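# Close look at the chain arrangement
Letter by letter, the chains look like this.
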Amino acid sequence: MLDCIIIGAGVVGCAVARELARYSSSVLVLERFNDVSCGASKANSGIVHAGFDAHPGTRKAFYNVRGAKMYPLLAKELDFPYRRNGAFVLNFSEEGNEKLKELYDQGVKNGVEGNVILSGDEVRKMEPYVSDKVVSALYVPASGIVSPYEATIAFAENAFDNGVKFEFNQTVKDVVKSADGTFTVRTDKGEFCAKTVVNCAGVHSDEINNYVSKTKEKIVARKGEYVLLDKAYGYLAGATLFQLPTAMGKGVLVSPTTHGNIIVGPTADDIDDKDYVDTTYAGLSKAFSQAALSVPSLPRRGIITQFSGNRAHNVTGDFVLGEREDCKGFFNALGVESPGLTSAPAIGQDLAKLVADRLGLKERKDFNGTRKGIKHFATMSDEERVEAIKQNPLYGKVVCRCEVVTEAEIIDAVTRSLGARDMDGIKRRTRAGMGRCQSGFCTPKVMEIVAKYTGVDMTQVTKKGAGSELLTGRKE
Amino acid sequence: MDKRNVVIIGGGPAGLAAAIGAYEAGERDILILEREPKLGGILNQCIHNGFGLHTFKEELTGPEYANRFIRKVKELGIEYKLETTVISFDKNKVITAVNEKDGLIKIQAKAVVLCCGCRERPRGGINIAGCRSAGIYSAGTAQKLVNIEGYMPGKEIVILGSGDIGLIMARRMTFEGAKVKACVELMPYSSGLNRNIVQCLKDFDIPLLFSHTVVDIKGEGRVKSVVIAEVDEKLVPKMETAREITCDTLLLSVGLIPENELAKQAGVELSPVTNGATVDDRMMTNLDGVFECGNVLHVHDLVDFVSEESELAGKCAAKYVIGGGFEADGGTKVETYGGVRYCVPQIIEHNDDYEPFPLKMRVSNVFRNVYLRVYADGQLVAQKKKQISTPGEMETISLKAEQVEALRKAKEIKVGLEENK
């Protein structure tokens, strides 16, 4: 009998897992995909929102501001890319000035410090590629960017290193509460029992809740499509550029990523199939043309990839967090859409505390809250490179030329705690295949390394788990 | 820091020929840096024949063609480092490279020849919507998997784009037992060589659909189908013509992009048309002593011309070193008109003691019954009659000594296409 089962290894599930690892407990994370961070946690804007946007008094506002303040230290402890780059909310009309002021006031109410309203010219002095049509903007210095999948992986690895177990390719089909108050979680592969359950199932969190609670929930998948630009165009934006919401829509953002690309998006379309993450022609065009309002010189030829993710939109609008009244021992992190990534660390803290209190768990003395990430050759100084190759000559063997990823890093990605088992896992951990050629050159070599170090045949190497094998067989 | 006279970045066909060119011009301190475990570059995976018709007057496979150059480089005792990746390059011609054995090395070069080749445009570059399943490859990646690694990337194939690698792979996949269902080309013409369309598609009854594109890719783990549609004159898909083709693989052959990342780092000026450097007739870029040739300069159809161009670049790099630099005498920019998209070299130097050179160009559309003409200060210097000129085939105008002479003296040079009236 486990103390706790966490359903879902997205950023929220992994943040909860890492916080629970602080207590003497047996914790299992169940994930339906082949890796952590395979849903919305890998396909979002990667913004650590300062917290001016959410309505005062909501859980979104509360957790946003708290989560945002946790990121700088977390990024150090867990060694993942985070940068406070500031943000602008761009206003394109005279009528918008009033709304901008409202946003400013809202920020003050939410406890966001340092915001200031600037004129269009002042904005362009700081961000020279911003459109001439921008008349004013709210400048939010506390806004930041994070690599969302690397943060999730970091939470997960650190949880794992502190004893949390992970089971992948487990799709939860049912959750049953027994008479003795314990839970049985049924998946497509088997059954798992625990004293408590934390529901972090993203777009499917309503279904999980509805298995055990009489208080029904409804989550709508709200799809967001993105395009990503070559690092060569990274100069186009230093800060994150939001658009002031208008009657025409919420607008899209243009932002640098922590790795120096430019991300553009997201669109927002409610869809019926929660797992439908294909990109669409219309969505991509919309994201791009809308973003061009902020930065008119955005080059279409600079696009290197597109992707989409589905936000878990709760129809009531706010996060649903905490224990279910009618089902003691069952905890929800439901409807965690934007600013969910920002909020995740704070949500993790509170939910873990609730679970610990419910079970009477004690804090461990031997919890190690630090984790070392993969040493990235690309970001080392020359001195560090010399040293790295001396220690491990495979640091001298570049596999992914576009992102300058070496064989040593790819092997590390496979062999470390909760290591990558497929090509997408390698990509998210090392960036091999994420550059401008989009894995054209490095695919065969990376496949070889994955095959060798996971102990499978080349023909069994997958892009993202069973059913996504890259090869159909050997040549006859 | 190591000091070298001529450093050649890239040991593919361009780098090999540049090294030989430099040697033959009298330079002995030459170093080739190659990231792969073997010299020869992309030729190693091009196991089909058709290489060397111009250079050797015989049909060779890619590896055979490469080996002739590799053998010569070895015979001449030209130094090379394999599995060595250049990670940075600056305007002072300092190269930083890494490998397992030497660790991180810094080299101060007197002359650098950039022979970095090109990469394939990925799916993202053309905005094809749909799933992100396994089974979407650029044609060159599939070629490597099949020809070098010995694996099949798929069984039922649709190819988007009719670039040469795509066409070659249509035939290769068919030979290996896969079913190639269609080759879909956005433009009303192919960007590949006509001989490849005949020998790789027509001979195997593989349909080539012009003015079509892929509008959706369906699948979860693996690609299950693609949706193709006809496009209008503005290349916008006509969705009413959409139809689904079942397949497990989509190969992309949608263009090659010169790999000028190192060049950009150093501040080499690039042409927005070729995506390669702007060079003069000595193949020198705007950076003194930095030369560029082969597919990193502009994408070629035939390796023979890569070799020819690179040999010239290597020779000039050697002359640059031996002569202690070039005397700057300025040059005249080559302007293009009437359907000629670009011309390499882009600048012709006024000094007259340099090697002779050809003019290489591509046209923007399919033209029939035309003349390619070269004017110096309004005077016709050279011309070439073409029954047909297509974007898929590079045009070359070879110049005789007196024609070169005329261009060197000119204050205005124009290269263009005119109707045959």
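Fair warning: this is a prediction, and the values are worked out from it, not measured in the lab.

### Things to note about helix α1 (residues 11-20) of chain A
Among the 10 residues in α1(A), 10 count as buried, and that is most of the element. What α1(A) keeps buried is the set A:Val11, A:Val12, A:Gly13, A:Cys14, A:Ala15, A:Val16, A:Ala17, A:Arg18, A:Glu19 and A:Leu20.

### Remarks on the environment of B:Glu233
Mapped onto the fold, B:Glu233 is located in the loop between β16 (223-230) and β17 (243-246). Residues B:Glu233 and B:Met187, 46 residues apart in the sequence, show an inter-C-alpha distance of 9.1 Å.

### A short note on unusual backbone geometry
The residue after A:Gly265, namely A:Pro266, is reached through a cis peptide bond having omega -5°. As for its position among the elements, A:Pro266 is in the loop between β16 (262-265) and β17 (269-271). That bond from B:Val344 to B:Pro345 is cis: its omega, 5°, falls within 30 degrees of zero. One can find B:Pro345 in the loop between β22 (340-344) and β23 (347-349). At A:Asn169, a residue that is not glycine, the phi angle is positive and equals roughly 55°. By secondary structure assignment, the location of A:Asn169 is in the loop between β9 (165-167) and β10 (172-177). Positive phi outside glycine occurs at B:Glu83, with the angle close to 45°. Mapping B:Glu83 onto the fold places it in the loop between β5 (79-81) and β6 (85-89). Taking relative accessible area as the criterion, B:Glu83 reaches 28% and is therefore assigned partly exposed.

### A word on the domain arrangement of chain B
Residues and elements named next belong to chain B. In terms of domain boundaries, chain B breaks down into domain 1 (1-119 + 256-326), domain 2 (122-254) and domain 3 (330-421). The centre of domain 2, based on its C-alpha atoms, is set 35 Å off from the matching centre of domain 3. Listed by partner, the interface residues are six residues for domain 2 and six residues for domain 3. Together, the buried faces of domain 2 and domain 3 total about 400 Å²; carbon and sulfur atoms form 58% of this surface. Ranking the residues of domain 2 by area buried against domain 3 places Tyr189, Ser191 and Leu193 at the top, with a combined share of 77%. At the boundary of domain 2 with domain 3, the tally comes to zero salt bridges.

### Notes on empty space enclosed by the protein
With the rule as written, the count across this model stands at three cavities of 30 Å³ or more. Here the largest cavity defines a volume of roughly 580 Å³. Looking at the largest cavity, it is lined by 30 residues, and the ones nearest its centre are A:Lys427, A:Gln438, A:Ser439, A:Lys463 and B:Ile136. When residues in the lining of the largest cavity are grouped by element, the largest group, four residues, is from helix α11 (residues 423-430) of chain A. Split by residue class, the lining of the largest cavity holds 13 nonpolar, 12 polar and five charged. Approximately 390 Å³ is the volume found for the second largest cavity. Taken together, 26 residues make up the lining of the second largest cavity; nearest its centre are A:Lys42, A:Tyr149, A:Leu228, A:Phe307 and A:Met434. Of all elements in the fold, only β8 (144-146), α5 (148-161), β18 (303-314) and α11 of chain A reach the threshold of two or more residues within the lining of the second largest cavity. Broken down by element, the lining of the second largest cavity gets its largest block of residues, three residues, from α11(A).

### Describing the domain arrangement of chain A
All names here are of chain A. Along its sequence, chain A is carved into domain 1 (2-41 + 149-218 + 317-359), domain 2 (87-141 + 220-310) and domain 3 (377-460). A C-alpha centroid distance of 31 Å is found between domain 1 and domain 2. With nine residues of domain 1 at the contact, the number on the domain 2 side is six residues. Between domain 1 and domain 2 lies a buried interface of about 650 Å² when both sides are counted; carbon and sulfur atoms form 44% of it. Considering only the side of domain 1, the residues that lose the most area to domain 2 are Ala40, Val203 and Lys218, jointly responsible for 52% of the buried surface there. Here domain 1 is connected to domain 2 by three salt bridges. The partner of Lys274 in a salt bridge is Glu207, with the nearest N and O atoms 2.7 Å apart. The interface formed by domain 1 and domain 2 holds six residue pairs in polar contact (both at pLDDT 80 or more) in total.

### Describing the pairing of strand β24 (residues 359-363) of chain B
Residues and elements named next belong to chain B. Burial analysis of β24 places five of its five residues in the buried class, the great majority of the element. Burial along β24 is two-sided: Leu359, Met361 and Val363 and Lys360 and Arg362, pointing in opposite directions, are all buried. As defined by bridge partners, β22 adjoins β24 across four bridges and the pair is classed as antiparallel. Its bridge partner being in β24, Val340 is matched across the sheet by Val363. With three bridges connecting them, β24 and strand β27 (residues 395-397) associate as antiparallel partners. Looking across to β27, one finds that Met361 is bridged to Glu395.

About the cut-offs
Counting restarts for each chain, with residues numbered from 1 along the sequence as it is written. Both sets of labels track the order of writing: A upward for chains, 1 upward for ligands. Totals for whole chains, interfaces and linings use every residue, but because this is a predicted model, local features are given only for residues with pLDDT of at least 70 and side-chain atom pairs only at 80 or more, for both listing and counting. Working from all heavy atoms in the structure, the side-chain values ignore hydrogens and water. With a 1.4 Å probe rolled over the protein chains alone, any residue whose accessible area is under 20% of its type maximum counts as buried; one over 50% counts as exposed, and the rest are partly exposed. Only runs of H or I of at least four residues qualify as helices and only runs of E of at least two qualify as strands under DSSP, and these elements are numbered from the N terminus. Each domain span listed reflects an automatic or database assignment of domains. Pairs of residues are marked as contacts when any of their non-hydrogen atoms sit within 4.5 Å. Once two parts are put together, the accessible area they lose, assessed with a 1.4 Å probe and summed over both, is termed the buried area. Salt bridges are defined by distance alone: a side-chain nitrogen of Lys or Arg within 4 Å of a carboxyl oxygen of Asp or Glu. Here a cavity means grid points, on a 1 Å grid over the protein atoms only, where a 1.4 Å probe fits yet cannot get out; a pocket means an open set of points with protein on both sides within 12 Å along at least five of seven lines; lining residues are those with an atom within 4 Å of a point. Grid points are joined across faces, edges and corners, and a volume is the space filled by probe spheres set on the points. Any residue outside Ala, Val, Leu, Ile, Met, Phe, Trp, Tyr, Cys, Pro, Asp, Glu, Lys and Arg is labelled polar, Gly included; the first ten of those are nonpolar and the last four are charged. N or O atoms closer than or at 3.5 Å make up a polar contact, with two conditions inside protein: a donor-capable atom paired with an acceptor-capable one, and, for residues adjacent in sequence, both atoms drawn from side chains. Strand pairing follows a simple DSSP-based rule, namely that at least 2 bridges must link the two strands.

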